[in-house]
Amino acid sequence: ETGVTQTPRHLVMGMTNKKSLKCEQHLGHNAMYWYKQSAKKPLELMFVYNFKEQTENNSVPSRFSPECPNSSHLFLHLHTLQPEDSALYLCASSQAASGRASYNEQFFGPGTRLTVL
Amino acid sequence: QQQVKQSPQSLIVQKGGISIINCAYENTAFDYFPWYQQFPGKGPALLIAIRPDVSEKKEGRFTISFNKSAKQFSLHIMDSQPGDSATYFCAASKGSWGKLQFGAGTQVVVTP
């Protein structure tokens, strides 16, 4: 595997389900990100992890719970989602220097297409 | 409030033509302006980026033009090819650790 991989690629879940999205980066980066991509809207930054520590939470509802066990893996745990949460969820990674994420050159995974019924 | 405004929302161009996408920003502290290309089923990929110390940057058929006084920058795709059909996003950030503020995207379709 190379680059940034995400699983599953597609997910359909009911509002009462609990599911998790997985991201893995094979680039040796130290910073990882979750973005939400909705049609015709700018990418929305959700969370940032830098050297496994969460450094950014962009007022994301608590029904989204991130986890970063190490610099190569990032999870997004989902529970009690709403239909408006249906979107493409993108993971990205970048180099981090001096303990801060370098947002500039980010490498994105292919995303997980989430549908909430 | 959207910090980067992108237009048009969609664009159809004939093979061999020029595709032009425009972005405008408000924050004069922004100093890094990348463009991302996204194909269906794929994540965005960095295409080309510019910093405000130059007014133009060219990489192959892709050129960024930057107008600091107007707070605008644009992507030109010369000799557009069907393989260029994708969604293009502009973005802006401040410094190496500033958040990337993305535009809403432009869907480009290049017809044969």
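In this text, all values refer to a predicted model and were calculated from it rather than measured experimentally. (Residues numbered from 1 in each chain as written. Chains lettered and ligands numbered in written order. Predicted model: local features only at pLDDT ≥ 70, side-chain atom pairs only at ≥ 80, totals over all residues. Heavy atoms only, no water.)

Let's talk about the sheet that holds strand 6 (residues 56-59) of chain B
Residue and element names in this part refer to chain B. Pairing in this open sheet of 5 strands is antiparallel, and the strands run 1-3-8-7-6 from one edge to the other. The open sheet has two free edges, formed respectively by strand 1 (4-7) and strand 6, since each of these has just one partner strand. With strand direction ignored, the average angle separating the axes of adjacent strands in the sheet is 15°. Pairing of strand 1 with strand 3 (residues 19-25) involves 4 bridges; the strand directions are antiparallel. Following the sheet pairing, Val 4 is matched in strand 3 by Tyr 25. (Pairing = 2+ DSSP bridges. Helix = DSSP H or I, 4+ residues; strand = E, 2+ residues; numbered from the N terminus. Axes fitted to C-alpha atoms, helices over the stretch in contact; angles between N-to-C directions.)

Overview of unusual backbone geometry
Here the bond from Thr7(A) into Pro8(A) is cis, since omega is -10°, no more than 30 degrees from zero. Within the fold, Pro8(A) resides in the loop between strand 1 (4-7) and strand 2 (10-13). Cis geometry is adopted by the peptide bond preceding Pro8(B), which originates at Ser7(B) and carries an omega value of -5°. Along the chain, Pro8(B) turns up in the loop between strand 1 and strand 2 (10-14). Of note in the backbone geometry, Lys40(A) takes a positive phi value of approximately 60° without being a glycine. Structurally, Lys40(A) can be placed in the loop between strand 4 (31-37) and strand 5 (44-50).

Regarding the packing of aromatic side chains
Residue and element names in this part refer to chain B. Enumeration over the complete set of coordinates arrives at 14 aromatic pairs over all chains. Seen in terms of ring centroids, Phe 33 and Phe 66 are 4.8 Å apart; in terms of plane orientation they differ by 45°. Their pairing is tilted. In this pair, Phe 33 is assigned in strand 4 (residues 33-38) and Phe 66 in strand 7 (residues 62-67), connecting sequence segments 33 residues apart. Residue Phe 33 shares its accessibility class with Phe 66, and that shared class is buried. Members of the aromatic cluster, joined through ring pairs, are Tyr 25, Phe 30, Phe 33, Trp 35, Phe 66 and Phe 73. (Phe/Tyr/Trp six-rings, centres within 6.5 Å; stacked < 30°, edge-to-face > 60°. Buried < 20%, exposed > 50% of the residue type's maximum accessible area, 1.4 Å probe, protein only.)

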